[in-house]
Amino acid sequence: MTTEPRAFLAIDHGAATTSVALIGLVAGAWRLIGSLALPAGAEIDSALHLLRRRVTAVDRDLAHGIGLATEIDSMPRLEVRSRRPRRLTIVAGSERTLSTLIGVAARSGWRVTGASVETTDPLAMTGMLLDRDVDAILTGASDPPAPEERGAIRELAALVAAAATRRPEIPVVLAGGMAEALAEFGLATERPGEIVLAPAARQPGRRRAAAADADPSAPSDPLADLLLELALPDDDPRRAMGTAVQALADALDRRVELIGLGHDASVRASASPAAGGVEGTPKLAVVPGASVAPEEPDDAVIDAVTGWSTLPSDRHRLRDRMRELRIAPSADAAGEGTALRMAAARAALHRLIAAAPDAPGTPSPDLVVTAGGVWSAIPAPAVALALVDILRRPGASQFALDHARLLGPLGAIPDPHERLAVMGDLADDLLAPLGSVVMPAGLHAGRSAGNLLIHADGATSELDLVPGGLELVDLPPGATAVAEFRFRDTVRLGARGRHFAIDVAGGLGGLLVDLRDVPLRLPDRADRRRDLLSAWQRALWAGGDA
Amino acid sequence: MTAMRRVTAIAEDELRLVAVHRLVESGLEIAFPLAPGDRPLVEVGESVTAGAPIAEQLRNGALHDQPVPAGPDTRPGGRVQAGELLFEWRGRWRTVGGDVWESIESPVAGSVREATPGSGIVITTAGQAIRGIVALGGPTRGRLHVAAGADGELRAGGLDVGLAGTILVVGSRIDAETLTRARAMGIRGIVVAGLASKARRDYLASEARQRAALHRLPPFAVLVLDGAMRRPLASPLLDVLAALEGREVAIVGDPPALLFEASDLELPAPALDLVRIRGGDMIGREGRWLGLVGQRRFPGGIHLEAASVRLRDGSIVAVPLGDIERFV
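Remember, it's a predicted structure, so these values are computed and weren't measured experimentally.

A. Geometry of the overall build of chain B. In terms of helices and strands, chain B carries four helices and 28 strands. Taking the principal axes of the C-alpha coordinates as reference, chain B spans close to 85 × 45 × 45 Å. Looking at chain B as a whole, 51% of its 328 residues are labelled buried. Considering only contacts in chain B between residues 6 or more positions apart, those separated by 24 or more positions represent 64%.

Right, here's the structure in full:
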């Protein structure tokens, strides 16, 4: 945008949905003028013409002012494109190292297969590495190598080097103690695929790793960062989410978490604003295993979707429907298809949180932003409910939806200052406020846990707090209030206490007070579970029972 | 009149927002995976004909550890008398060898683009292809026979030995019993619109048992064109398949596709405004595109971008844009 355009287009080519947004310069600031979400495969030029017709029909003067009538086809475009995640084969000297490496790679944008010398013979391992489907190889060991690895890694290095000779085009990452075997690979410059030296993966649970994860200013796992860079090109919206969420945190001066659910992979990113001249470092996890519609829905996926489904369905039929969702993600979005999407989205979110969990001591974000085509037709309160069904975190947060799918394209702006400036202008437009969620933990079962006083516009309303339920307070977008909680017993709500006063902001779903268990407990019996899920959803989504 | 033309032009432009179902493709690249020990019989750039052997697959590959004298082929992937060299370790070589071989034949004519021992062979096909969403088994080839209409269903009792050597188009769906029986009767393949997950699982279990047997049946494959739910075959696809009746065709698995050579044939093309509903209650129904109608409320209480479609029975319905596809 060096020629001072009056408008530009932000286009996100998703695997299931293509989103087109028109951004115009209005009164000296970038504003979201209009957006469309269409099934993947829609021709972009036709989408632009439709957007132009609609914007012109609503405000002809504005359309003229930003040059829409004549310039839309030649407007600057910020385009990002999701591609199917690539496959990484991991081989290691021990099962323990393999498990750690798989954990890191699986949240770094790769579809992963792996084997260790403890369980796999050299013939099968060579077959895995030479498979045509493999896009990169990662071989690693602890640094220094653990006792159980020492005897195996030299032979493993010879095996990997031989496979690398036969597949010279694919990159090979040597992590941790395996870097000592670099000489086995000859001259790295003689092969088209890179040989990359990387640090060892952080062992989960180690005190130093946990402390680094909990510290918002600490750099993220270097091996994970390297694998993300290898997995996803610069114009991949999932990779751009990291820089986007950092820019958003800086623009709003708030701790921000992003949850993006995708057809091929889901994203969890978090960032804290720069403070004291120190730039914030976003944490980013891209998890193909947490896609909404996995390529081959196994029993674990089907059971998880069944667990969140509000409709009765046998396993085979549900598997058929999940396969259809994979093949044609835009189709069958109404009726029972809506219920399927909501169940599949919750199951995917559960897998995402399991693959990229909160480190102990991580503070709750001020704002949780969600994105993804799966939410495009779902009413806002139901989106918030789906998120808090899985994100069981005591505290208070605001929730918002990236309704025009702008975060991916904006995160791909290469210049950080320009990115921050555009994000600052657009933050209010790109976030559809879903509402505020307050979630206390440690409530005792009983008729009443206390009461809630809402102070807004000089008036006060009172609400009884019934454990196990959801309370919805109408608080429109733009409105603010003070929610004063008076519990009978001590609860956890950020801190421990009985009396809390929280500033809350309104949204399309208002204020949601979630008095259910943390973590959520659902009945074992399928029919009771479905009834309970339906009842919670019905309160927030008229007509949502299909 | 000018306004009318403008409306038509807008409707045509809006039709391009509909997802595309490509009927026939040319120059498809098909892949055949090879495992360590398998022997490619072709080289890059070589032309192959349908039925020509392109590789030998090792069925009883075993790992050996032995000294190998240095020579021009003493490198990873090289071949010595004992088999294929995997890697050198402490002055000896790990090799894979065996003595039971099975031939892999190219199901179609084309040229070899890639032949990597232990990895795979890629062939650029000379003919055309109809893509499916999954192929089970294969590769295979045979004469194409349309055995059931678009909405038909073939049952086990409908098969006879006269169909041996054919690839059958069976309409909307098929069950596992019919698939197993078709393979046993020498039928070479099945083309079907939808295959339910249960039928798929049962058939794959039967296929795995067959693969383990010493005496193998001729190659057999199932090509699923649309998905897992029952729906009629798309009429433009059925028209193309009917035009190919009696011709030699092949089914391959990577990518899943039906391959054929029909350069002497003018394949029927669908109307430009023909659309097909690919999801929801009206799955499989076809009609004419009338234009976008904006956001509409649909069951489930959700609002979706919708289009107006005139179905074949003359009724006009509003359908979510994501539910329809067009053919090119």
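B. Looking closely at the environment of Ala 82 of chain B. Residue and element names in this part refer to chain B. The topology assignment puts Ala 82 in the loop between strand E8 (79–80) and strand E9 (83–89). The class of Ala 82 is partly exposed, set by a relative accessible area of 29%. It is 16 Å that separates the C-alpha atoms of Ala 82 and Pro 72, two residues lying 10 residues apart in sequence. Residues contacting Ala 82, with those up to four places away along its chain left out, are Gln 66, Val 96 and Gly 97.

C. Expanded view of the sheet that holds strand E11 (residues 266–271) of chain A. All names here are of chain A. Read from one edge to the other, the open sheet built from eight strands follows the order E12-E11-E10-E13-E14-E15-E21-E18, with strand pairing classed as mixed. Strands at the two margins of the open sheet, each flanked by one partner only, are strand E12 (283–287) and strand E18 (470–473). Taken over all neighbouring pairs, the strand axes of this sheet differ in orientation by 20 degrees on average, direction set aside. Of the strand pairs in this sheet, strand E10 (residues 256–260) and E11 are connected by five bridges, and their pairing is antiparallel. Each bridged residue has a counterpart across the sheet, and for Gly 260 the counterpart in E11 is Val 267. Here helix H9 (residues 237–252) sits on the sheet and contacts E10, E11, E12, strand E13 (367–371) and strand E15 (431–439); the angle it forms with E11, its principal contact strand, is near 30 degrees.

D. Broad picture of the packing of aromatic side chains. Following the criterion strictly, the structure yields four aromatic pairs over all chains and no others. The interplanar angle of 5 degrees and the centroid separation of 5.7 Å between the aromatic rings of Phe 485 of chain A and Phe 487 of chain A together place this pair among those described as stacked. Across the pair, Phe 487 of chain A and Phe 485 of chain A agree in class, each one buried. Centroid distance Tyr 203 of chain B to Phe 220 of chain B: 6.1 Å. Interplanar angle 55 degrees. Geometry classified as tilted. Linking Tyr 203 of chain B in helix H3 (residues 197–212) with Phe 220 of chain B in the loop between H3 and strand E21 (221–227), this pair joins segments that are 17 residues apart in sequence. Just as Tyr 203 of chain B is buried, Phe 220 of chain B falls in that class too. A connected cluster of aromatic rings, assembled from ring pairs, spans Phe 485, Phe 487 and Phe 500 of chain A. Above the plane of the ring of Trp 536 of chain A lies Arg 516 of chain A, whose end atom (NZ or CZ) is 4.3 Å from the centre. Above the plane of the ring of Trp 101 of chain B lies Arg 39 of chain B, whose end atom (NZ or CZ) is 4.2 Å from the centre.

E. Quick peek at the interface of chain A and chain B. Listed as interface residues are 52 residues of chain A and, on the opposing side, 59 residues of chain B. Buried area between chain A and chain B, both sides added, is near 4200 Å², and the carbon and sulfur share of it is 60%. Viewed at the interface, chain B and chain A are joined by 10 salt bridges. Close ionic contact of Glu 43 of chain A with Arg 326 of chain B constitutes a salt bridge, the shortest N to O distance being 3.5 Å. Here chain A and chain B share 21 residue pairs in polar contact (both at pLDDT 80 or more) between them.

F. Highlighting the sheet that holds strand E10 (residues 92–97) of chain B. Residue and element names in this part refer to chain B. Reading across the sheet, the four strands line up as E7-E10-E9-E8 and stay open at both edges, with antiparallel pairing between neighbours. Whereas interior strands pair on both sides, the edge strands pair on one side only; in this sheet they are strand E7 (62–66) and E8. Relative to E9, E8 runs antiparallel, the two sharing two bridges. Across the sheet, residue Arg 79 finds its bridge partner in E9, namely Glu 84.

G. Region of interest: the confidence of the model for chain B. For chain B, the mean per-residue pLDDT works out to 91, and 97% of the residues sit at or above 70. On the interface metric, ipTM, the complex scores 0.91, and its pTM is 0.93.

H. Quick look at the pairing of strand E26 (residues 302–311) of chain B. Residue and element names in this part refer to chain B. The element E26 is extensively covered by neighbouring structure, given that eight of its 10 residues are classed as buried. Alignment of strand E25 (residues 286–298) against E26, held across 10 bridges, turns out to be antiparallel. Across the sheet, the residue bridging to Gly 291 is Ser 308, located in E26. Where E25 hands over to E26, the hairpin turn is made up of three residues, of which Gly 300 adopts a positive phi near 100 degrees. Sheet topology places E26 next to strand E27 (residues 316–320); five bridges connect them, and they run antiparallel. Bridge assignment links Ala 307 to a residue of E27, and that residue is Val 319. Linking E26 to E27, which pair antiparallel, is a turn of four residues; within it Gly 314 sits at a positive phi near 95 degrees.

I. Geometry of helix H2 (residues 176–184) of chain B. Residue and element names in this part refer to chain B. Regarding H2, the residues found buried are Ala 176, Thr 178, Leu 179, Ala 182 and Arg 183. The buried residues of H2 occupy an angular sector of 160 degrees when the element is viewed end-on, so they sit on one face. For H2, exposure combined with an orientation more than 90 degrees from the buried face picks out Glu 177 and Ala 184. Along its buried surface, H2 packs onto strand E17 (153–154), strand E19 (173–174), strand E20 (189–194), H3 and E21.

J. Local environment of the pairing of strand E24 (residues 274–277) of chain B. Residue and element names in this part refer to chain B. Covered by surrounding structure in E24 are Leu 274 and Arg 276 together with Val 275 and Ile 277, the residues of both alternating faces. Note that E24 and E25 share three bridges and pair antiparallel. In the strand pairing of E25, Arg 276 is matched with Glu 286. Pairing of E24 with strand E28 (residues 324–327) involves three bridges; the strand directions are antiparallel. Residue Arg 276 lies in a different strand from E28, and its bridge partner there is Glu 325.

K. The nonpolar core, seen in detail. All names here are of chain A. Grouped together as the largest cluster of nonpolar side chains are 59 residues, with contacts concentrated most on Ile 259, Leu 261 and Trp 375. With 10 residues, helix H12 (residues 336–355) is the single largest residue contributor to this core. In contact with Ile 259, not counting residues within four places along its chain, are Val 267, Arg 268, Leu 349, Leu 352, Ile 353, Val 368, Val 369, Thr 370, Ala 371, Leu 387 and Leu 391. Counting 58 residues, the second-largest nonpolar core is a separate cluster that includes Ala 92, Val 173, Leu 248 and Val 256.

L. Highlighting the packing of H2 of chain B against H3 of chain B. All names here are of chain B. Contact pair H2 / H3: the axes reach a minimum separation of 8 Å and the direction vectors enclose 30 degrees. By the angle between their directions, the pair H2 and H3 is classed as roughly parallel. The interaxial crossing formed by H2 with H3 has right-handed handedness. Where H2 abuts H3, its residues Ala 176, Leu 179, Thr 180 and Arg 183 lie against Ala 199, Asp 202, Tyr 203, Ser 206, Glu 207 and Gln 210. Partitioning the contact of H2 with H3 into residue classes produces four nonpolar, three polar and three charged.

Parameters at a glance
Residues numbered from 1 in each chain as written. Chains lettered and ligands numbered in written order. Predicted model: local features only at pLDDT ≥ 70, side-chain atom pairs only at ≥ 80, totals over all residues. Heavy atoms only, no water. Helix = DSSP H or I, 4+ residues; strand = E, 2+ residues; numbered from the N terminus. Buried < 20%, exposed > 50% of the residue type's maximum accessible area, 1.4 Å probe, protein only. Contact = heavy atoms within 4.5 Å. Pairing = 2+ DSSP bridges. Axes fitted to C-alpha atoms, helices over the stretch in contact; angles between N-to-C directions. Phe/Tyr/Trp six-rings, centres within 6.5 Å; stacked < 30°, edge-to-face > 60°. Lys NZ or Arg CZ within 6 Å of the ring centre and 35° of its normal. Buried area = accessible area lost by both parts, 1.4 Å probe. Salt bridge = Lys/Arg side-chain N within 4 Å of Asp/Glu carboxyl O. Polar contact = N/O pair within 3.5 Å; in protein donor to acceptor, adjacent residues only side chain to side chain. pLDDT = per-residue confidence, 0-100. Arc of directions from axis to C-beta. Core = buried A, V, L, I, M, F, W, Y, C linked by side-chain atoms within 4.5 Å. Parallel < 35°, antiparallel > 145°, perpendicular 65-115°, else oblique. Left-handed = near helix turned anticlockwise from the far one by under 90°. Nonpolar A, V, L, I, M, F, W, Y, C, P; charged D, E, K, R; others polar.

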